[in-house]
Amino acid sequence: MQELTRSKKAQNIRSVIRYIQKFKNAVTVIYLDDEIIDSPMFSSHMRDIALIHQAGLKVILVPASRTRIDQVLTASNVPWSYNNNIRITSESAIPLIKMATFDISNIVMTSLAAHQITATIGNWVRARAKGVLDGVDYGTAGEIDKIQTDAIKATLENGFIPIFPCIGWSSVGKPYNISSVTLAKQLAIELKADKLFFVMNNSGITKQNFSIPENVGLSDEGEVPALNLNELNHFLELNKNSEQTKIINLLKTAQEACTNGVSRVHIVNGTYDGALPCEIFSDLGSGTMIYSQNYGTLRPMLNQDIPAVLTVMRPFIEKKILLPRTDESLALNLQDYIVYEIDGGIRACSALHIYPDGQAEIAGVAVDESFSNLGIGPKMIDFLLDRARSHLLKSVFVLTTQTSDWFEKIGFKADSVDSLPPERKAKWTPERGSKVLRITF
C-alpha cells in the first residue's frame, strides 16, 4: 500500500511537470465572477493566479463588477433595469459605472502586487452603442467593436498581466458598459487563447443539478470533468428547460468560444481552494472542461510508452487481477497494445492478441483508478472489438479472475476453457482458475 501511495505521488508530480511544459507561454484568459471577488476565497485565487503567471503562462484577467455597480448606483439613487440580462441606465450613470468597475480592477491589481506581480489596467477595447432593439433603448450598454490585440500581446510579452474592466470606448472616447462574460470570450477568441476560465460561485455541473448524457463519465465527486462539442450539444438539448440558466448560458458561451478557435474552456467552482491550478496542472482537474480538439485519445502503444503502461498495470498486478508483465514482454507484443492518452499522460491500456484459428483475446486491460469513472474501459473494448471484426475473426474471449461481472455487463458471456485456442489453453492453470468469457460475431 505504501508503494502504491508513493507511485501515485510520483504520477501526480509527473503530471504537473508535463502540464507546466505543455502550457508554458499559453495565453490564458480568466474571468472572475463578482461573487468570488467578494468571497473569502479571493485572496487564495489571486495567489494561485500569481503562481500560474510565474509558471510561464500568459494570464489575462477579466473581473466582473455587477455587484459593485449595483451598490454604487443604489447608494447614489440612480435607477437601472435589466432586459435580456443587460443593464439599462441613463447617461448620468456611466461615471458611476466606470468608478465601480475600475474600483474592482484596482482591487485585483493591488492583490497581485502583494505577490510581486505587475499588472496593468488598459483601455484596449473599442465599443459601440448597443442602441435600440425591438423598441428597447439600451442606453449606456455597449457592444464590442474591436480589441487591440497587438497592444495586449506586447503587454503580455513584457511580463505584465492585463486587467480588463467591463468598459469599452467609442472612436471618439465615449464609454460604454459591456458584458464581462462576452469580453472574456471575445478576448480568448481574438488572442487565440489556449484556455478560457470562468471562475464561478457554486458552479458544479453535477447529476444533482443537471441531466447527464449516458455516454458522459463523472468524476469521483459526481461532476462532469469534460465535454467535447458533440457531447455539449447533447447536454444542452437534455437541459434546455433547466432553471440553472447562469451555467447553461456559460456553456453556450464556451460552445461559441471553442467553435471559434479557443482550444479549451473551463468552468470551475471558485469556492474550492486551488481550483485553478488543479484544473490547469492535472488531467481531471476540478471543474468542467469544454474542448474542441482531442483531449483523450486511443492510439497504438509505442516503445516509449512501456514504462508508463507498466505503471498503470502495477496496481492490478499487485491485486492479482492481471498477470505480471515486463518491458520485454510488452515490447515483444507491441503491435497488439493500445493506450488511452490524456494530454501526453498514459491513463489506460489493453491488448488484442490474435490466434491462427480465428479467435482473439483481449488482455492487459488496465485503467488508472483516478479515471475509472470516465468510460475509458468500454471505449477501449469497443475499439478492440472493432479491430477484431475488421480482421474477420470469429470471436473474442477474455480470461479473468475478478472482473467477470464487468465484462458480462458489456456483453461477454461465459464459456469453457476447452473453447480456447490450443496454445492459450496450454497456459491456463487450475491454480489461477481464470474464467473464460466470450463475444461471438
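I will try to describe carefully the structure that is included in this document.

Calculation criteria
Residues numbered from 1 in each chain as written. Predicted model: local features only at pLDDT ≥ 70, side-chain atom pairs only at ≥ 80, totals over all residues. Heavy atoms only, no water. Helix = DSSP H or I, 4+ residues; strand = E, 2+ residues; numbered from the N terminus. Buried < 20%, exposed > 50% of the residue type's maximum accessible area, 1.4 Å probe, protein only. Contact = heavy atoms within 4.5 Å. Areas by Shrake-Rupley, 256 points an atom, 1.4 Å probe, with all protein chains shown as cover. Lys, Arg positive; Asp, Glu negative; His and termini not counted. Charge placed at Lys NZ, Arg CZ, Asp CG, Glu CD. Polar contact = N/O pair within 3.5 Å; in protein donor to acceptor, adjacent residues only side chain to side chain. Phe/Tyr/Trp six-rings, centres within 6.5 Å; stacked < 30°, edge-to-face > 60°. Lys NZ or Arg CZ within 6 Å of the ring centre and 35° of its normal. Axes fitted to C-alpha atoms, helices over the stretch in contact; angles between N-to-C directions. Parallel < 35°, antiparallel > 145°, perpendicular 65-115°, else oblique. Left-handed = near helix turned anticlockwise from the far one by under 90°. Nonpolar A, V, L, I, M, F, W, Y, C, P; charged D, E, K, R; others polar. Pairing = 2+ DSSP bridges. Salt bridge = Lys/Arg side-chain N within 4 Å of Asp/Glu carboxyl O. Core = buried A, V, L, I, M, F, W, Y, C linked by side-chain atoms within 4.5 Å.

Let's talk about the overall build of the protein
Link 1 in the chain: If you tally the helices and strands in the protein, you get 15 helices and 23 strands.
Link 2 in the chain: When burial is assessed residue by residue, the protein has 51% of its 441 residues classed as buried.
Link 3 in the chain: Partitioning the intrachain contacts of the protein with sequence separation of at least 6 by distance along the chain shows that 70% fall at a separation of at least 24.
Link 4 in the chain: As presented, the protein carries roughly 20700 Å² of accessible surface, and 50% of it is formed by carbon and sulfur atoms.
Link 5 in the chain: Between the averaged position of the 45 positive side-chain charges in the protein and that of its 47 negative side-chain charges there is a distance of 2 Å.

Considerations on the side chain of K58
Link 1 in the chain: Along the chain, K58 turns up in strand β2 (residues 58–63).
Link 2 in the chain: Looking at K58, the relative accessible area reads 17%, which means it is buried.
Link 3 in the chain: Of note is the side chain of K58, whose polar atom sits 2.4 Å from the side chain of E157.
Link 4 in the chain: What K58 contacts, discounting residues up to four positions off in sequence, is N25, A26, V27, T28, L156 and E157.

Some thoughts on the packing of aromatic side chains
Link 1 in the chain: If you walk through the whole model with that rule in mind, you get six aromatic pairs.
Link 2 in the chain: Plain terms: the ring middles of W406 and F407 are 5.0 Å apart, the flat faces sit at 90° to each other, and that makes the pair edge-to-face.
Link 3 in the chain: By relative accessible area, W406 is classed as partly exposed at 32%.
Link 4 in the chain: Ring centres of F407 and F412 lie 5.4 Å apart, and the angle between their planes is 80°; on these two criteria the pair is classed as edge-to-face.
Link 5 in the chain: Here F412 falls in the buried class, since its relative accessible area comes to 2%.
Link 6 in the chain: Taken together through their ring pairs, the aromatic side chains of W406, F407 and F412 make up a single cluster.
Link 7 in the chain: In this structure, K130 is placed above the aromatic ring of Y138, and the distance from its NZ or CZ to the ring centre is 5.6 Å.

Overview of the packing of helix α3 (residues 42–54) against helix α5 (residues 94–113)
Link 1 in the chain: Put simply, α3 and α5 touch, their axes get as near as 9 Å, and they point 60° apart. With respect to their mutual orientation, α3 and α5 come out oblique. At the point where α3 passes α5, the crossing takes the right-handed sense. Of the residues in α5, those in contact with F42, M46 and I49 of α3 are I107, V108, S111 and L112.
Link 2 in the chain: Tallied by class, residues from the contact of α3 with α5 come to six nonpolar, one polar and no charged.

As for the sheet that holds strand β19 (residues 345–354)
Link 1 in the chain: Strand order in the open sheet made by the seven strands is β17-β18-β19-β20-β21-β23-β22, with mixed pairing throughout. Each having just a single partner strand, β17 (296–300) and β22 (413–415) make up the two edges of the open sheet. The mean inter-strand angle of the sheet, taken between neighbouring strand axes irrespective of direction, is 30°.
Link 2 in the chain: Of the pairings in the sheet, the one linking β19 to strand β20 (residues 359–367) comprises six bridges and is antiparallel in character. Bridge pairing in β20 places L352 opposite I362.
Link 3 in the chain: Relative to β19, helix α11 (residues 306–318) is tilted by about 80°, and along the sheet it contacts β18 (337–342), β19 and β20.

A short note on the pattern of salt bridges
Link 1 in the chain: Per the counting criterion, the structure on display carries 18 salt bridges.
Link 2 in the chain: Across the salt bridge formed by D103 and R68, the nearest N and O atoms sit 2.9 Å from each other. Here D103 is found in helix α5, whereas its partner R68 is found in helix α4 (residues 66–75), with 35 residues between them in sequence.
Link 3 in the chain: Taking the relative accessible area as the measure of exposure, D103 reaches 28% and is therefore partly exposed.
Link 4 in the chain: When the shortest N-O distance is used, the salt bridge between R347 and D368 registers 3.3 Å.

Description of unusual backbone geometry
Link 1 in the chain: Even without a glycine there, the phi angle at N77 is positive, about 60°.
Link 2 in the chain: With respect to the secondary-structure elements, N77 resides in the loop between α4 and β3 (81–83).
Link 3 in the chain: One non-glycine residue with positive phi stands out, namely N85, at about 65°.
Link 4 in the chain: Examined against the element boundaries, N85 turns out to sit in the loop between β3 and β4 (86–88).

Considering the environment of G135
Link 1 in the chain: Counting through the fold element by element, G135 comes out in the loop between β7 (132–133) and β8 (136–137).
Link 2 in the chain: On the basis of relative accessibility, which here comes to 69%, the residue G135 falls in the exposed class.
Link 3 in the chain: Placed 55 residues apart in sequence, G135 and W80 show a C-alpha to C-alpha distance of 17 Å.

Some thoughts on the nonpolar core
Link 1 in the chain: With 58 residues, the main nonpolar core has L187 and L251 as its most contacted residues.
Link 2 in the chain: For L187, the contacting residues outside a window of four places in its chain are V29, I60, V62, I147, I152 and F164.
Link 3 in the chain: Judged by nonpolar contacts, the second largest core, of 53 residues, contains L32, I117, I163 and A360.

Take it as geometry only, folks, not as evidence of what the structure does.
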